[in-house]
Number of protein chains: 2
Amino acid sequence: MNPSSRTSSAAELQAFIQRAFVAIGISEAEAASIAELMTRADVNGAEGHGVFRLPQYIRRIKGGAVNIKPEIRIEREAPGMALIDGDNGMGHLVMRFATERAIEKAKKAGVAWVGVKASNHAGPASLYASMPIEHDMIGLYLAVGNANHLAAWGGLDMLLSTNPIAVGVPAGAEPPIVLDMATTVAAYGKVKTAAQRGETMPEGWMIDRMGKALTDPKRAGEGLLLPIGGYKGYGLALVFGLLAGTLNGAAMGRDVVDFNNDDTTPTNTGHVIVAINVAMFRELTEFKASVDQLVRDIRNSKRLPGVDAIRLPGEQSHAKREERMRLGIPLPAPLVKNLEQLAAELKIDALGS
Amino acid sequence: MNPSSRTSSAAELQAFIQRAFVAIGISEAEAASIAELMTRADVNGAEGHGVFRLPQYIRRIKGGAVNIKPEIRIEREAPGMALIDGDNGMGHLVMRFATERAIEKAKKAGVAWVGVKASNHAGPASLYASMPIEHDMIGLYLAVGNANHLAAWGGLDMLLSTNPIAVGVPAGAEPPIVLDMATTVAAYGKVKTAAQRGETMPEGWMIDRMGKALTDPKRAGEGLLLPIGGYKGYGLALVFGLLAGTLNGAAMGRDVVDFNNDDTTPTNTGHVIVAINVAMFRELTEFKASVDQLVRDIRNSKRLPGVDAIRLPGEQSHAKREERMRLGIPLPAPLVKNLEQLAAELKIDALGS
């Protein structure tokens, strides 16, 4: 009998994720920390980066690709920076550590730039860019993606990933602005979703190796993702990768490991988190009032014909969070099935038990 | 008699620009500093940001919009940051001051983030992102543009400028990587050039107020520039503006002054320059070897059919610089005419005399 789709509360989901990581050998405290961040991803509507990834994470831990007992540490440090060695631990743990250090350092330094190497996939970029907001700081996050799906502009060798940027900005009465975007027109997860649903992709998402539009997502393996703005998005993916990868001694270019198709090789994932202490630049309430004003000017703009609302980055995620904390997180049937299989395999209580 | 196009050496051009600023009341030393940076823009092939802007700069100084005797100073400071008050001076002077502070601070702090307010148009972003390279640092520059030419995604109110990003990365044997890009598909200067030449614009550069493609550059005043990647480019223009403008107490959103159509109002232009001291993160020669390797992997990639070469950001500018230092800077006839008029108006020796 196939399981059907269901809804899970955040607490149930978090407890289940924690059980899975404990079963695989991660400490209670660290499993709780990862589970909390993964659940937050689902609550915020970043489904492609939440519990959906759990089977893959467990598979890679079993394969020996990820260290379950990492000694995450500061390898180098100066007043305005730090370099974190993640010791190949789960990316969520490494990035929480790095972001907390950045926030702590920015209290004195004003701005702290914390680079990370030897990390792993850490879920949605917005998680970390948002953390400084609670401290009245701006967060800026960059990362090297964990699979190369694009080439240099005009090229065919897939040397670049969808290297994302996320920026979180505190506001006053308005919700914070949280931008979280890949440097490609479509993230690879969207291509996979289209394939599962049997849909065709719009032109502009991918090209084949002759440079022609590729619209059949089942043929995605033959094609390349397109960067936003053509050569401009290529430039962004490149420099974000240099900052998050090369600068930190993390993987970039030919060294990036495709973690979807490999359960044994450490990815040496690189990230950057910058915490920017607003009050060091301007009186905090003035800054927040300016952000509120800008948000309202944008939201109340005249609109193009057919547009029903103008959105700020993070607005849809904010609405989803409020809804899902109230009504729970919808889990589609294939995911429920995968999680049941995982529970059986790890001999842990199933979701919601 | 109309002047024809001509070629000028960098030295001639720089001397002429300096004479113009001295004639309008700027000190010899500061005029030389501005002239050197403006000439560098032309030498690097950023023609839209070099001597082409001189008549407009002089007009705005005459109109009282720009302070010719600024006291540029550090208003706030912590180990990892500074806020510069440009005192409404020429942007080139303010940004040179800010970038030198960032480099100096990054020697100790590892990374220094320097925000700027009360500045003015400073020429091409790449000038400042490149300066840290000579000190084996990475430069990251953001700015709020000096005219709003785009709206929030779905909107019609022009609340955003083409807010650029530039990143300069030192390499070893290869030329440095220097990305310099607006967050719109086309910079507004390209639209103006198309109009001058009587060309039509490709679809995707601009839309009219009904959301339809606008391809006649003479109608540009009725339209909006399109951001790269649709809502993604809108998000980038927004957060870069928050970082370079709002955070520093500089103009953003409704407060941006259109400096093309106003000779009397200070723009309160905001910028950010971040200097990142590579050796604080990694052994410098290792870093440079990694950048060289990446550059070569990209350059030697297999290519799409019809593509003759794969370029790195900054490569064309680098080639242009070598050519123009040897052969001089070509100046089109309308520009030569404008500069002759300017010389007469300021009673200074003409270009090349």
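What you are looking at is a predicted structure, and each value in this text was computed from that prediction instead of being measured. (Residues numbered from 1 in each chain as written. Chains lettered and ligands numbered in written order. Predicted model: local features only at pLDDT ≥ 70, side-chain atom pairs only at ≥ 80, totals over all residues.)

## Things to note about the overall build of chain A
At step 1: Each helix and strand in chain A was counted, giving 10 helices and 12 strands.
At step 2: For a compact globule of 353 residues, the expected C-alpha radius of gyration is about 20 Å, and chain A comes in at 20 Å, within 12% of that figure.
At step 3: Across its three principal directions, the C-alpha atoms of chain A cover 60 × 50 × 45 Å.
At step 4: Relative to its full complement of 353 residues, chain A shows a buried share of 58%.
At step 5: Sequence separation of 24 or more characterises 65% of the internal contacts of chain A that already satisfy a separation of 6 or more. (Helix = DSSP H or I, 4+ residues; strand = E, 2+ residues; numbered from the N terminus. Rg over C-alpha atoms; globule rule 2.2 N^0.38 Å. Buried ≥ 20, exposed ≤ 12 C-beta atoms within 10 Å, placed from the backbone. Contact = placed C-beta atoms within 7 Å.)

## With respect to the domain arrangement of chain A
Residues and elements named next belong to chain A.
At step 1: Annotation of chain A at the domain level lists domain 1 (6-184 + 227-278 + 329-346) and domain 2 (185-226).
At step 2: The distance between the C-alpha centroids of domain 1 and domain 2 comes to 24 Å.
At step 3: If you look at the interface, domain 1 gives 12 residues, while domain 2 gives 9 residues.
At step 4: Considering only residue class, the side of domain 1 that touches domain 2 consists of 8 nonpolar, 4 polar and no charged. (Domains from an automatic or database assignment. Nonpolar A, V, L, I, M, F, W, Y, C, P; charged D, E, K, R; others polar.)

## Some words on helix α7 (residues 231-244) of chain A
Residues separated by three or four positions in an α-helix point in the same direction, a consequence of the helix having 3.6 residues per turn.
At step 1: Compared with an ideal rise of 1.5 Å per residue, which puts 14 residues at 20 Å, α7 of chain A spans 20 Å between its outermost C-alpha atoms and is within 8% of the ideal.
At step 2: Counting buried positions along α7 of chain A gives 13 out of 14 residues, so the element sits mostly inside the fold. (Expected span 1.5 Å × (residues − 1).)

## What to know about the environment of leucine 93 of chain A
All names here are of chain A.
At step 1: Residue position: leucine 93 is located in helix α4 (residues 91-109).
At step 2: When the C-alpha positions of leucine 93 and alanine 220 are compared, they lie 32 Å apart, and in sequence the two are 127 residues distant.
At step 3: Sequence-distant contacts of leucine 93, defined by excluding residues within four places in its chain, comprise Glu30, Ser33, Ile34, Pro70 and Ile72.

## Details of the relation of the copies chain B and chain A
At step 1: Screw-axis analysis of chain B against chain A gives a translation of 0.0 Å along the axis, an RMSD of 0.0 Å, and a rotation angle of 180°. Taken together, these values place the two copies in the relation of a two-fold axis. No C-alpha of chain B lies nearer the rotation axis than that of glycine 80 of chain B, which sits 2.2 Å from it.
At step 2: Here 100% of the contact residues of chain B are again contact residues in chain A; the copies associate through an equivalent surface. (Least-squares fit on C-alpha atoms with pLDDT ≥ 70 in both.)

## Some remarks on the pairing of strand β4 (residues 111-119) of chain A
All names here are of chain A.
At step 1: Summarising burial for β4: 9 of the 9 residues are buried, a large majority.
At step 2: Relative to β4, strand β3 (residues 81-85) runs parallel, the two sharing 5 bridges. Note that in β4 the partner of methionine 81 across the bridge is tryptophan 113.
At step 3: Taken together, β3, α4 and β4 constitute a β-α-β crossover, and its handedness is right-handed.
At step 4: Pairing analysis gives 7 bridges linking β4 to strand β11 (residues 269-277), with the strands arranged antiparallel. Pairing of valine 116 across the sheet is with histidine 271, part of β11. (Pairing = 2+ DSSP bridges. Right-handed = clockwise from strand over helix to strand, strands pointing away.)

## Some remarks on the confidence of the model for chain A
At step 1: Predicted confidence across chain A gives a mean pLDDT of 96, with 99% of residues reaching 70 or more.
At step 2: Quick note on the complex model: pTM equals 0.97, ipTM equals 0.97. (pLDDT = per-residue confidence, 0-100.)

## What to know about the sheet that holds strand β8 (residues 206-207) of chain A
At step 1: Read across the open sheet, the 3 strands follow the order β9-β8-β10 (chain A); overall the sheet is antiparallel. The open sheet terminates on both sides in strands that have one partner only, identified here as β9 (213-214) and β10 (224-225) of chain A.

## Topic: unusual backbone geometry
Residue and element names in this part refer to chain A.
At step 1: For alanine 118, which is not glycine, the phi torsion reads 50° and is therefore positive.
At step 2: Classification of alanine 118 as buried rests on a count of 24 C-beta atoms within 10 Å.
At step 3: One non-glycine residue, lysine 347, lies in the positive phi region at around 55°.
At step 4: Here lysine 347 shows up in the segment after α10 (333-346).

## What about the interface of chain B and chain A?
At step 1: With 62 residues of chain B at the contact, the number on the chain A side is 63 residues.
At step 2: Elements represented by at least two residues in the side of chain B that touches chain A include exactly β2 (73-78), β3 (81-85), α4 (91-109), β4 (111-119), β6 (165-169), β7 (177-181), α7 (231-244) and α8 (284-299) of chain B.
At step 3: Partitioning the side of chain B that touches chain A into residue classes produces 38 nonpolar, 15 polar and 9 charged.

## Things to note about the packing of helix α1 (residues 10-23) of chain A against helix α2 (residues 28-43) of chain A
Residue and element names in this part refer to chain A.
At step 1: Taken N-terminus to C-terminus, the directions of α1 and α2 make an angle of 140°; their axes are 8 Å apart at the nearest point. Overall, the two elements α1 and α2 adopt an arrangement that is oblique. The interaxial crossing formed by α1 with α2 has right-handed handedness. Listed contacts from α2 to Ala10, Leu13, Gln14, Ile17, Gln18, Phe21 and Val22 of α1 are Glu28, Ala31, Ala32, Ile34, Ala35, Glu36, Met38, Thr39, Asp42 and Val43.
At step 2: Broken down by class, the residue content of the contact of α1 with α2 amounts to 11 nonpolar, 3 polar and 3 charged. (Axes fitted to C-alpha atoms, helices over the stretch in contact; angles between N-to-C directions. Parallel < 35°, antiparallel > 145°, perpendicular 65-115°, else oblique. Left-handed = near helix turned anticlockwise from the far one by under 90°.)

## Thoughts on the pairing of β11 of chain A
All names here are of chain A.
At step 1: Across the 9 residues that make up β11, a large majority, 9, are buried.
At step 2: The alternating pattern of β11 places Thr269, His271, Ile273, Ala275 and Asn277 on one face and Gly270, Val272, Val274 and Ile276 on the opposite face, and all of these are buried.
At step 3: Pairing geometry for strand β5 (residues 137-143) and β11, over 7 bridges, is antiparallel. Across the sheet, the residue bridging to isoleucine 138 is isoleucine 276, located in β11.

## A closer look at helix α6 (residues 188-197) of chain B
All names here are of chain B.
At step 1: Residues Tyr188, Val191 and Ala194 constitute the buried set of α6. Across the axial projection of α6, the buried residues extend over an arc of 115°, all falling on one side. Across from the buried face of α6, at angles greater than 90 degrees, the exposed residues are Gln196 and Arg197.
At step 2: For α6, the elements touching its buried residues are β8 (206-207) and β10 (224-225).
At step 3: Glycine 198 sits one or two residues past α6 and shows a positive phi near 70°. (Arc of directions from axis to C-beta.)

## As for the sheet that holds β10 of chain B
All names here are of chain B.
At step 1: Strand order in the open sheet made by the 3 strands is β9-β8-β10, with antiparallel pairing throughout. Both edges of this open sheet fall to β9 (213-214) and β10, since each of them pairs with a single strand only.
At step 2: The pairing of β8 with β9 spans 2 bridges and is classified as antiparallel. Of the residues in β9, the one forming a bridge with methionine 206 is leucine 214.

## Quick word on the environment of leucine 160 of chain B
All names here are of chain B.
At step 1: Here leucine 160 shows up in the loop between β5 (137-143) and β6.
At step 2: On the neighbour-count criterion, leucine 160 (32 C-beta atoms within 10 Å) is buried.
At step 3: Filtering out sequence-adjacent residues up to four positions away, leucine 160 remains in contact with Asn148, Leu150, Ala151, Ala152, Ala237, Leu238 and Gly241.

## Side note on the packing of helix α2 (residues 28-43) of chain B against α4 of chain B
Residue and element names in this part refer to chain B.
At step 1: It is at 9 Å that the axes of α2 and α4 come closest, and there the two elements cross at 90°. With respect to α4, the axis of α2 lies roughly perpendicular. On α4, the residues that touch Glu30, Ser33, Ile34, Leu37 and Met38 of α2 are His92, Leu93 and Arg96.
At step 2: Its residues assigned to classes, the contact of α2 with α4 shows 4 nonpolar, 2 polar and 2 charged.

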